[in-house]
Amino acid sequence: AQTVTQSQPEMSVQEAETVTLSCTYDTSESNYYLFWYKQPPSRQMILVIRQEAYKQQNATENRFSVNFQKAAKSFSLKISDSQLGDTAMYFCAFMKRAQGAQKLVFGQGTRLTINP
Amino acid sequence: KAGVTQTPRYLIKTRGQQVTLSCSPISGHRSVSWYQQTPGQGLQFLFEYFSETQRNKGNFPGRFSGRQFSNSRSEMNVSTLELGDSALYLCASSLGGRAGTLLDTQYFGPGTRLTVL
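Report follows, based on the coordinates. Small disclaimer: the values here were computed from a predicted structure and weren't measured.

### Let's talk about the overall build of chain B
For chain B, the helix and strand inventory stands at zero helices and eleven strands. When the helices and strands of chain B are listed from N to C terminus, the series reads β-β-β-β-β-β-β-β-β-β-β. The C-alpha radius of gyration of chain B comes to 14 Å, within 12% of the 13 Å expected for a compact globule of 117 residues. Along the three orthogonal principal directions, the C-alpha set of chain B runs to about 40 × 25 × 25 Å. Sorting the 117 residues of chain B into buried and exposed places 53% on the buried side. Considering only residue pairs separated by 6 or more positions, chain B has 55% of its internal contacts joining residues 24 or more positions apart.

What follows is the structure, given as structure tokens:
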């Protein structure tokens, strides 16, 4: 079974600062996907960024980028130039890359607060 | 393109009752997954449907069931409600079907907040 661990329950930074959220996972699979979702106070789960494990290049989406270390089973999210709207719970998630394997395994989340 | 919609958004029931939640996926998406979110257990996978068939099931009792219709809309049902069933129930849809590609990326609806009294 796969497990996902987010070791930082809460983080707080000032607007415009850069912040990095940590995520580690445990799996015996060699092919999989990793995701970061954010859940603002509205509770709507929003996809932030995704990474295919077989790709060595780290994914980036505007101010969001990941540091994917496959051997270390680490998948951290970096938010640059943080904005007040980035305040949310952030969840790291794992999905096996296999037909019909539509199951996301989530970490416990990191509550990120961006202060003005 | 419209996102995933869930109805109702809020629901209050009493112990022993049953409840049905509905999810309409993004147009063209054929896979619908359900998750339960609670403060204590976090986000847990309930089940996933594709082409009206349950493909995956999480570790939940038989009181939790679901189905999918030919238009890919899905419903989940919880019978004999318990206090511990109070949670946010999230539905997610994806294109699905093709083996293991980023087409499997799941997009979530706003959730249904269920309170059991």
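Now that the structure has been shown, the text picks up again.
### Considering the interface of chain B and chain A
Across the boundary between the two partners, chain B contributes 28 residues, which contact 22 residues of chain A. Here chain B and chain A share an interface that buries about 2100 Å² over both sides, 53% of which is from carbon and sulfur atoms. For the pair chain B and chain A, the number of links is zero salt bridges. Those elements that place two or more of their residues in the side of chain B that touches chain A are β4 (31-38), β5 (42-50), β6 (53-57), β9 (87-94) and β10 (107-108) of chain B. Its residues assigned to classes, the side of chain B that touches chain A shows ten nonpolar, 14 polar and four charged.

### A short note on the packing of aromatic side chains
Under the defined criterion, the tally for this structure stands at 16 aromatic pairs over all chains. Note on B:F60 and B:F64: the rings are 5.2 Å apart at their centroids and 65° apart in plane angle, and the pair reads as edge-to-face. Overall, the relative accessible area of 4% leaves B:F64 in the buried class. Taken together, the aromatic side chains of A:Y33, A:F35, A:Y37, A:F91, A:F106, B:Y35, B:F45 and B:F108 make up a single cluster linked through ring pairs.

### Re the pairing of strand β12 (residues 110-115) of chain A
All names here are of chain A. Side chains of β12 alternate between two faces, with T110, L112 and I114 buried and R111, T113 and N115 left unburied. One ladder, built from five bridges, connects strand β2 (residues 10-14) with β12; its direction is parallel. What sits directly across from V13, in β12, is I114. Note that strand β10 (residues 88-96) and β12 share three bridges and pair antiparallel. Of the residues in β12, the one forming a bridge with M89 is R111.

Rules behind the numbers
- As a convention, each chain's residues are numbered from 1 in the sequence order in which they are written.
- For naming, the first written chain is A and the first written ligand is 1, with later ones following in the order written.
- Reporting of local features is limited, given that this is a predicted model, to residues whose pLDDT is at least 70; pairs of side-chain atoms are given and counted only at 80 or more, and all residues count toward the totals for whole chains, interfaces and linings.
- Hydrogens and waters are ignored; side-chain quantities use all the structure's heavy atoms.
- Think of it this way: any DSSP run of H or I at least four residues long counts as a helix, any run of E at least two long counts as a strand, and we number them from the N terminus.
- Atoms considered for the radius of gyration are the C-alpha atoms alone. The globule rule reads 2.2 Å times the number of residues to the power 0.38.
- Categorising residues by exposure relies on relative accessible area from a 1.4 Å probe, with only protein chains included: less than 20% of the type maximum marks a residue as buried, more than 50% marks it as exposed, and the intermediate range marks it as partly exposed.
- It only takes one pair of heavy atoms within 4.5 Å for two residues to be counted as in contact.
- Accessible area that two parts lose when put together, with a 1.4 Å probe and added across both, is what the buried area reports.
- Here, a salt bridge means any Lys or Arg side-chain nitrogen found within 4 Å of an Asp or Glu carboxyl oxygen.
- Only Asp, Glu, Lys and Arg are considered charged, only Ala, Val, Leu, Ile, Met, Phe, Trp, Tyr, Cys and Pro nonpolar, and every remaining residue, Gly among them, polar.
- Pairing of aromatic rings covers Phe, Tyr and Trp, the last counted by its six-membered ring, and requires centre-to-centre distances within 6.5 Å; plane angles under 30 degrees mean stacked, over 60 mean edge-to-face, and any other angle means tilted.
- Pairing between strands is defined by DSSP: at least two bridges between them are needed.

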